[in-house]
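Each chain, letter by letter, is given below.
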Amino acid sequence: MDTVLNILSSIPWWGWVLIVLFIIAIRDIFLQKQHTISHNFPVVGHLRYMLEKIGPELRQYLVANNREELPFNRIERGWIYASAKKENNYEGFGTDRDIYAHQHIFINNAMIPYKIEEDHPNTLDKSFIPCAKVMGAYNKRKRPYRPASIINVSAMSFGSLSAKAIESLNKGVKKANAYHNTGEGGLSPYHSYGGDVVFHFGTGYFGVRNDDGSFSMEKLVKLVQANPFIRAVEIKLSQGAKPGKGGVLPGSKITKEIANIRGVKVGKDVLSPPNHSAFSNVTEMVDFIEAIADATGLPVGIKAAIGKLEQWEELANIMKTTNKGPDFITVDGGEGGTGAAPPSFADHVSLPWVYGFSDLYKLFKNKDLTERIVFIGSGKLGFPAKAAMAFAMGADCINVAREAMMSIGCIQAQICHTNRCPSGVATQSKWLQNGIDPTLKSERLAQYFKTFRKELTEITHSAGYEHPCQFKMRDIEINVDDHNLSKELARTYMYNKTPVPFTSMKDLKECVYLGGDYNKPNP
Ligand SMILES: Cc1cc2nc3c(=O)[nH]c(=O)nc-3n(C[C@H](O)[C@H](O)[C@H](O)COP(=O)(O)O)c2cc1C
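Because the structure is a prediction, the values reported are computed rather than measured.

(A) Focus on the packing of helix α10 (residues 282–296) against helix α11 (residues 310–322). Orientation of α10 relative to α11, taken along the N-to-C sense of each, is 50°, at an axis distance of 9 Å. Put simply, α10 runs oblique to α11. You can see that α10 and α11 cross each other, and the crossing is right-handed. Residues Val282, Thr283, Met285 and Val286 of α10 form the contact with α11, whose own contacting residues are Gln311, Glu314, Leu315 and Ile318. Class assignment of the residues belonging to the contact of α10 with α11 gives a composition of five nonpolar, two polar and one charged.

Spelled out as structure tokens, the structure:
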């Protein structure tokens, strides 16, 4: 024994390194069968796998230029981070963008900007921009709702995001007078810190389902009555990242808490089918919308990614003949985010936002229906200039998902589907999410929303308007080549939006349906 120990202790450190490399080589050549590269190039083959693994980080931090990355480049992320922290988000020396590039957006400024008077709501609060339309007003719902902010948190469920992230978002929307869309996972205690909530459900009917997975109106009514901060209901037909794709929530991810919130069984796989069981055609869908609106008194809308238009045409015809239908429509772009989706869906199924929205808006406009619908846009629209374009095209509000995640610390690691999100935002790991301080992060979300609204207000004033709803298609141009070819939105997408009835910001401020905390008495 002593001799063996003596021999081992006489081996120098580099000898140990050689022994370890020798063992790895033996394993690579003779014992493993999965990796051809390791077999053919023992030991050094591992370097390739290592570099492949850390390649995205190397490119993100060292190699990629400021405007190169997708879905959000460094300049865009930097603007959100700086705005959320109330840091200096300006740039010096002028733009670093190629403003002659294809698809670049130009906003036509007025010779003399809009002047705000001393008693104007924006003199007192530079970030005050409520929605110019009231959800549910046309259909005379019992509890119409005017979102008090034109930028709001898009559907992301508790389950895809951590409890701490949901809590931060809810507390943040309260501070910013915005609303928080629950996403498909039901209403959790983390959605209940007082911000306005839009209750969203998909084909799994989580939170409002019977044991057999069908929709329960009784549970929805009880939920709405018990939680008066729910201001509207959104039925998900599809989302841009994976339209028509059902899903399975694996039993291993279903904790007792998630099971209670979603109304499912602990540890048992749960199926979200591609189709709704509560309706199977457009007529039945309209009946379903009306039944929910009657039972809850709330405005009811639908969310979808756009592709074929035939069924939308059918919906418009039904709305025209019956005077019924959704109070709002959320149009999600094919560039939209998700917790997890197959790349073939995320990359290819459904149209990008500008194409999908323009097709849909045009269809409703041709039937004189745009005035009764609040149009909400989502798909990388959380930047003031892009939002101005969306308003010019007919959007009334913007929903943001990933931009909101970034404002509370997401670093675009793009591993939401692995449960290993390093920033604690999109994970159920207690350790990772414990790094999030909801008090601080809610402040960040609120500040991002306020900065966004302030900059959008300033752009609006620079174009000579008081509210972004006044943007027209001819106010925005898109570069298609040189100026002779750069086209106004109206000529590019071949429609003009219906003017939104708007009197003044003062009237919006005094509206009895205004959400957020503006109209609530001080505690
Ligand atoms: C983590 C995550 C979870 C999401 N969950 C849902 C969901 O439950 N229901 C839904 O309709 N959309 C969901 N979405 C899509 C977003 O609500 C949004 O429509 C899309 O990401 C586009 O907005 P963005 O570009 O601002 O991220 C999710 C997106 C992300 C990133």
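(B) Local environment of the nonpolar core. If you look at the biggest cluster of nonpolar residues, it comprises 114 residues, and the most contacted ones within it are Phe201, Trp312, Trp353, Phe364, Met393 and Phe449. Beyond its immediate stretch of four places on either side in the chain, Phe201 contacts Val208, Phe215, Val233, Glu234, Ile235, Lys236, His276, Phe288 and Ile292. Membership of the second largest hydrophobic core comes to ten residues, among which are Cys131, Tyr145, Tyr179 and Phe328.

(C) Quick look at the packing of helix α7 (residues 163–176) against helix α17 (residues 438–462). Running from N to C, α7 and α17 cross one another at 45°; their axes reach a closest spacing of 7 Å. With respect to their mutual orientation, α7 and α17 come out oblique. The hand of the α7/α17 crossing is right-handed. For the pair formed by α7 and α17, the contact residues are Lys164, Glu167, Ser168, Leu169, Lys171, Gly172, Val173, Lys175 and Ala176 on the first element and Pro438, Thr439, Lys441, Ser442, Glu443, Leu445, Ala446, Phe449, Lys450 and Arg453 on the second. Across the contact of α7 with α17, the residue classes tally to seven nonpolar, four polar and eight charged.

(D) Focus on the side chain of Asn479. Here Asn479 lies in the loop between β12 (476–478) and β13 (487–488). Given a relative accessible area of 3%, Asn479 falls into the buried group. At a separation of 3.3 Å, a polar atom in the side chain of Asn479 contacts the main-chain carbonyl oxygen of Ile99.

(E) Representation of the site of the ligand in the model. Around the ligand sit 24 residues, and of these Ala155, Gly337, Lys380, Arg402 and Glu403 come closest. Measuring from an oxygen atom of the ligand, one finds a backbone N or O atom of Glu184 at 3.1 Å. In this structure, a nitrogen atom belonging to the ligand sits 3.1 Å away from a side-chain N or O atom of His200. Summarising the interface, the protein chains cover 98% of the accessible area of the ligand, which totals 610 Å² for the free molecule. By residue number, the principal contributor to the shell around the ligand is helix α15 (residues 402–407), which donates three residues. Along the lines of polarity and charge, the residues of the shell around the ligand split into six nonpolar, eleven polar and seven charged.

(F) Focus on the side chain of Arg77. Looking at the secondary structure, you find Arg77 in helix α5 (residues 74–84). For Arg77, the side chain forms a polar contact with the main-chain oxygen of Phe72, separated by 2.9 Å. Other than its neighbours up to four places away in sequence, Arg77 contacts Gln60, Glu69, Phe72, Met406 and Gln412.

(G) Representation of the pattern of salt bridges. Under the defined criterion, the tally for this structure stands at 15 salt bridges. Ionic pairing is found between Asp96 and Arg67, a salt bridge with its closest N-O pair at 2.7 Å. Within this pair, whereas Asp96 is found in the loop between α5 and β1 (105–107), its partner Arg67 is found in the loop between α4 (45–63) and α5, the two being separated by 29 residues in sequence. Arg67 gets classed as partly exposed once you look at its relative accessible area, which sits at 27%. Arg77 is paired through a salt bridge with Glu69; the nearest N and O atoms lie 3.4 Å apart. Overall, Arg77 belongs to the buried group, its relative accessible area being 6%. For Glu69, a relative accessible area of 14% translates into the label buried.

Calculation notes
- Residues numbered from 1 in each chain as written.
- Predicted model: local features only at pLDDT ≥ 70, side-chain atom pairs only at ≥ 80, totals over all residues.
- Heavy atoms only, no water.
- Axes fitted to C-alpha atoms, helices over the stretch in contact; angles between N-to-C directions.
- Helix = DSSP H or I, 4+ residues; strand = E, 2+ residues; numbered from the N terminus.
- Parallel < 35°, antiparallel > 145°, perpendicular 65-115°, else oblique.
- Left-handed = near helix turned anticlockwise from the far one by under 90°.
- Contact = heavy atoms within 4.5 Å.
- Nonpolar A, V, L, I, M, F, W, Y, C, P; charged D, E, K, R; others polar.
- Core = buried A, V, L, I, M, F, W, Y, C linked by side-chain atoms within 4.5 Å.
- Buried < 20%, exposed > 50% of the residue type's maximum accessible area, 1.4 Å probe, protein only.
- Polar contact = N/O pair within 3.5 Å; in protein donor to acceptor, adjacent residues only side chain to side chain.
- Near = heavy atom within 4 Å.
- Areas by Shrake-Rupley, 256 points an atom, 1.4 Å probe, with all protein chains shown as cover.
- Salt bridge = Lys/Arg side-chain N within 4 Å of Asp/Glu carboxyl O.

Remember, this is a structural readout, not a statement about activity or role.
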